[in-house]
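# Structural overview
Here is how the chains run, residue by residue.
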Amino acid sequence: MGKVYNWQLGREMDYPYAAAFPDRQFAFVFNINRCIACQSCTMACKSTWTFSKGQEHMWWANVETKPYGGYPQFWDAKILGLLEKANPGGQHWGGAPKDDPKGPYGAFEGQTIFEAAQKTLVPESARVLGYLPTDEEWNSPNIYEDNPVGERGKPMAWDAQGVELPEHKTWFFYLARICNHCTYPACLAACPRKAIYKRPEDGIVLIDQSECRGYRKCVEACPYKKSMYRGNTRTSEKCIACYPRVEGKDPESQGQPMETRCMAACIGQIRMQGLVQINRDGTWAEDRHHPLYYLVHVAKVALPLYPQLGTSPNGYYIPPRWVPRPYLRQMFGPGVDQAIERYTNPDRELLAVLQLFRRSNRIIFSYAIEEGPKIYEGELRGKKITLYNDTVIAFGRDGKEIFRTTVEEPFHSRGGQHANSI
Ligand code: SF4
Ligand code: SF4
């Protein structure tokens, strides 16, 4: 085991290989507050990549209802349980979130799946703590859809009163997931064939199908369970981040990098994907007007999914406002309270950047804001708010404008000549 720096944990950690970072890293932000579980993303992926024989059970992109739903079932509860067993009572964070890109969430004092493996696993060759889901657990990818949590331990005991933010007593939320194209991939670490690699140009993690022999070590090791076994080819497969689109090779993209199919299909406009610049120590290079850099490192409204697992996932989530905080802190780390506070009371820049989601399928590399007039002043949840109709402008890799949009949504009125005849 070598030592690598994991900025999401605010410390060095053990990893089987020496650190190597891409020039730019595939990353994304999902705003959970907006997901409606329409599954358009899921079907866009399925109909593009996993519609063939032997792939029936594969959903590289999926949306599950938390806390009970999961694909495969209980994937997160299971890996958290294994870690707890390996390090009883020790899986906690120390310190508080701080203004330091090398450890913005404080320091994780527990053990990652790489560290815990050394204590618990035989044979010695096992490098990652994990488990193989059963065939049944891959069934029913949308099990427990819309099942809320009520009073603990009492089935169907929902809260009868109306409730207000900050927390609902009866709650659920939709968690949209794809492979996180992790900075320290567990799938790659576990593969005895070295069939899994991380591309130096964009950090996308791929399985070389000609090298894979289907040992399923990656399926066992990936804590997010995003590597899947295909019985008829006897190989494992996973999300490929629609790399031809990211490379600008899709005929629609005219040579410019495009977002993946699941991002482009998102009806709820919850998704934004990008390519972020990486420093030589694995931290994000300062890129003040890159929308993902802004959301993750400046506004700090978007947080990694289960950072304590240690793979440094490149999927970030704006947490749902109505969910009890202990659950969210477990899922997204100690940055949750600050993220929800900022998202609930957005400043002028955050409000403008949030308008960038899904106005185009092109990958945004930077943005600029042109100030507009004041359009509203009032009170929201006891706080004074002022809204400005600023214009936010998105630029592509070539520095050219992709689109511009405003904070105030345009108002369209149907003219009399187009009267609805229904
Ligand atoms: S999410 Fe899983 S499959 Fe994807 S890169 Fe990370 S460890 Fe590998
Ligand atoms: S398409 Fe968007 S809104 Fe619909 S389920 Fe997927 S992430 Fe949620």
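Structure's up top.
Residues numbered from 1 in each chain as written. Chains lettered and ligands numbered in written order. Predicted model: local features only at pLDDT ≥ 70, side-chain atom pairs only at ≥ 80, totals over all residues. Heavy atoms only, no water.

So, about the overall build of the protein chain. Each helix and strand counted, the protein chain has twelve helices and 19 strands in total. Its C-alpha atoms give the protein chain a radius of gyration of 22 Å, within 12% of the compact-globule value 22 Å for 422 residues. Along the first, second and third principal axes, the C-alpha atoms of the protein chain reach 70 × 55 × 50 Å. Looking at the protein chain residue by residue over its 422 residues, the buried ones come to 54%. Sequence separation of 24 or more characterises 66% of the internal contacts of the protein chain that already satisfy a separation of 6 or more. Here the protein chain has roughly 19,000 Å² of accessible surface; of this, 51% comes from carbon and sulfur atoms. (Helix = DSSP H or I, 4+ residues; strand = E, 2+ residues; numbered from the N terminus. Rg over C-alpha atoms; globule rule 2.2 N^0.38 Å. Buried < 20%, exposed > 50% of the residue type's maximum accessible area, 1.4 Å probe, protein only. Contact = heavy atoms within 4.5 Å. Areas by Shrake-Rupley, 256 points an atom, 1.4 Å probe, with all protein chains shown as cover.)

Turning to the environment of phenylalanine 357, a few remarks are in order. For phenylalanine 357, the location among the structural elements is in the loop between helix H12 (348–353) and strand S15 (366–370). Looking at phenylalanine 357, the relative accessible area reads 2%, which means it is buried. Measuring from C-alpha to C-alpha, the distance between phenylalanine 357 and valine 407 comes to 12 Å, with 50 residues separating the pair along the chain. Leave out the neighbours within four places in its chain, and phenylalanine 357 touches Val29, Gln269, Ile270, Arg271, Met272 and Leu295.

This part takes up the nonpolar core. One finds Phe173, Trp284, Leu295 and Phe332 to be the most contacted residues of the largest nonpolar core, which totals 121 residues. When residues no more than four places from it in sequence are discounted, the contact partners of phenylalanine 332 are Ile32, Leu175, Leu303, Pro304, Leu305, Pro307, Tyr317, Pro319 and Pro320. (Core = buried A, V, L, I, M, F, W, Y, C linked by side-chain atoms within 4.5 Å.)

For the rest of this paragraph, the subject is the sheet that holds strand S12 (residues 271–277). Taken in spatial order, the four strands of this open sheet run S12-S3-S14-S13, and their pairing is mixed. The open sheet is flanked by S12 and strand S13 (303–304), the only strands paired with a single partner. As paired elements, strand S3 (residues 24–31) and strand S14 (residues 315–318) share four bridges and run parallel to each other. The partner of phenylalanine 30 across the bridge, within S14, is tyrosine 317. Packing against the sheet, helix H9 (residues 291–298) makes contact with S3, S12 and S14, and its axis sits at approximately 90 degrees to S12. (Pairing = 2+ DSSP bridges. Axes fitted to C-alpha atoms, helices over the stretch in contact; angles between N-to-C directions.)

Where helix H2 (residues 75–86) meets helix H3 (residues 113–120), the closest approach of the two axes is 10 Å, and the angle between their N-to-C directions is 50 degrees. Viewed along their axes, H2 and H3 adopt a mutual orientation that is oblique. Here H2 and H3 pass one another in a crossing that is left-handed. For the pair H2 and H3, contact is made by Ile79, Leu83 and Ala86 and by Ile113, Ala116, Lys119 and Thr120, respectively. Looking at the contact of H2 with H3 residue by residue, the class counts come to five nonpolar, one polar and one charged. (Parallel < 35°, antiparallel > 145°, perpendicular 65-115°, else oblique. Left-handed = near helix turned anticlockwise from the far one by under 90°. Nonpolar A, V, L, I, M, F, W, Y, C, P; charged D, E, K, R; others polar.)

Right, let's get into the side chain of lysine 198. As for its placement among the helices and strands, lysine 198 is situated in strand S8 (residues 196–198). Put simply, lysine 198 is tucked away with no salt bridge, and the nearest opposite charge, on aspartate 202, sits 7.6 Å away. A distance of 2.9 Å separates a polar atom in the side chain of lysine 198 from a polar atom in the side chain of glutamine 25. A polar atom in the side chain of lysine 198 sits 2.7 Å from the backbone oxygen of glycine 203. If near-sequence neighbours (up to four positions away) are discounted, lysine 198 is found in contact with Pro22, Gln25, His181, Cys182, Thr183, Pro185, Leu188, Gly203, Ile204, Val205 and Asn314. (Lys, Arg positive; Asp, Glu negative; His and termini not counted. Salt bridge = Lys/Arg side-chain N within 4 Å of Asp/Glu carboxyl O. Polar contact = N/O pair within 3.5 Å; in protein donor to acceptor, adjacent residues only side chain to side chain.)

Glancing now at the site of ligand 1. Neighbouring ligand 1 are the residues Cys179, Asn180, His181, Cys182, Pro185, Ala186, Cys187, Val205, Cys222, Tyr224 and Lys238. The residue makeup of the shell around ligand 1, split by class, is eight nonpolar, two polar and one charged. (Near = heavy atom within 4 Å.)

A surface patch of nonpolar side chains, amounting to about 260 Å² of accessible area, comprises Tyr68, Phe74 and Tyr144. Position of tyrosine 144 among the secondary structure elements: in the loop between helix H4 (135–138) and strand S7 (173–177). Owing to a relative accessible area of 32%, tyrosine 144 belongs among the partly exposed residues under this scheme. (Patch = residues over 30% accessible without salt bridge, like charges linked within 9 Å, V, L, I, M, F, W, Y side chains within 5 Å.)

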